[in-house]
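Geometric and topological summary
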Amino acid sequence: MINKKIQNAIDEQINAEIWSAYLYLSMSAYFEKENLRGFANWMKIQYQEEITHAMKFFDYVHSMGGHVSLKPIAAVQTEWKNPTDAFKDTLAHEKVVTSLINNLANLAVEEKDHATLNMLQWYINEQIEEESNAEQILAELKLIGDNGYGLLMKDKELALRVFVDPTKTPIA
Ligand code: FEO
């Protein structure tokens with residue numbers, strides 16, 4: 001049985017993961033508007049990934065005999081100055097999520113909840129990849145600068161991203 005403090009903290013994290021999904025879907029809509037369909041595709045897949053992050057927590061709580069209480073999802077930004085601006089926000093947001101996951105792990109240690117701590121290892125590893133992906137694209141966008149051809153090439157590359165459920169792929 002999951003304890004109440006851990007249950008509440010995971011409920012908050014489910015909300016944060018769904019908010020992340022909503023943010024990236026909003027970025028996808030922004031890129032569609034800018035005719036950058038590859039960037040829009042990348043963000044749509046990011047949205048799908050965030051839903052899997054939320055669902056992994058959702059399923060974990062129920063597998064431990066708990067009960068999830070869903071909370072309202074706050075509004076998200078809908079406009080960005082340019083792709084670099086959107087990826088700066090993406091990286092900053094992923095850093096916030098990493099700190100939320102670390103706080104959850106700290107709580108699991110305090111509560112001596114080894115099952116939750118073990119489950120959280122997956123997220124700790126996933127966040128390394130989440131930050132690294134955003135960092136890489138942001139660095140490339142800084143190199144591209146105002147070069148329209150460079151941006152179109154990057155757009156074509158990001159159009160190739162396909163959704164693979166990350167929760168079904170164990171991270172070493
Ligand atoms: Fe669910 Fe992008 O972290």
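Up top you'll find the structure we're talking about.
1. Remarks on the environment of isoleucine 2
Tracing the backbone shows isoleucine 2 in the segment before helix 1 (4-33). Linking isoleucine 2 and aspartate 113, residues 111 residues apart in sequence, is a C-alpha distance of 8.5 Å. In contact with isoleucine 2, not counting residues within four places along its chain, are Gln7, Ile10, Tyr60, Val61, Met64 and Gly66.

2. Considerations on helix 1
Its 30 residues place the ends of helix 1 44 Å apart at the C-alpha level, agreeing with the 44 Å of an ideal helix rising 1.5 Å per residue. The opening residue of helix 1, the one whose side-chain oxygen lies 2.9 Å from the backbone nitrogen of lysine 5, is asparagine 3. Of the residues flanking the end of helix 1, it is asparagine 35, one or two places downstream, whose phi is positive at about 60°.

3. Here's the deal with unusual backbone geometry
The backbone of asparagine 35 shows a phi angle near 60°, a positive value even though the residue is not glycine. If you check the backbone angles, lysine 112 has positive phi at about 55° while not being a glycine. Mapped onto the elements, lysine 112 comes out in the loop between helix 3 (83-110) and helix 4 (114-144).

Cut-offs and rules
Residues numbered from 1 in each chain as written. Predicted model: local features only at pLDDT ≥ 70, side-chain atom pairs only at ≥ 80, totals over all residues. Heavy atoms only, no water. Helix = DSSP H or I, 4+ residues; strand = E, 2+ residues; numbered from the N terminus. Contact = heavy atoms within 4.5 Å. Expected span 1.5 Å × (residues − 1). Polar contact = N/O pair within 3.5 Å; in protein donor to acceptor, adjacent residues only side chain to side chain.

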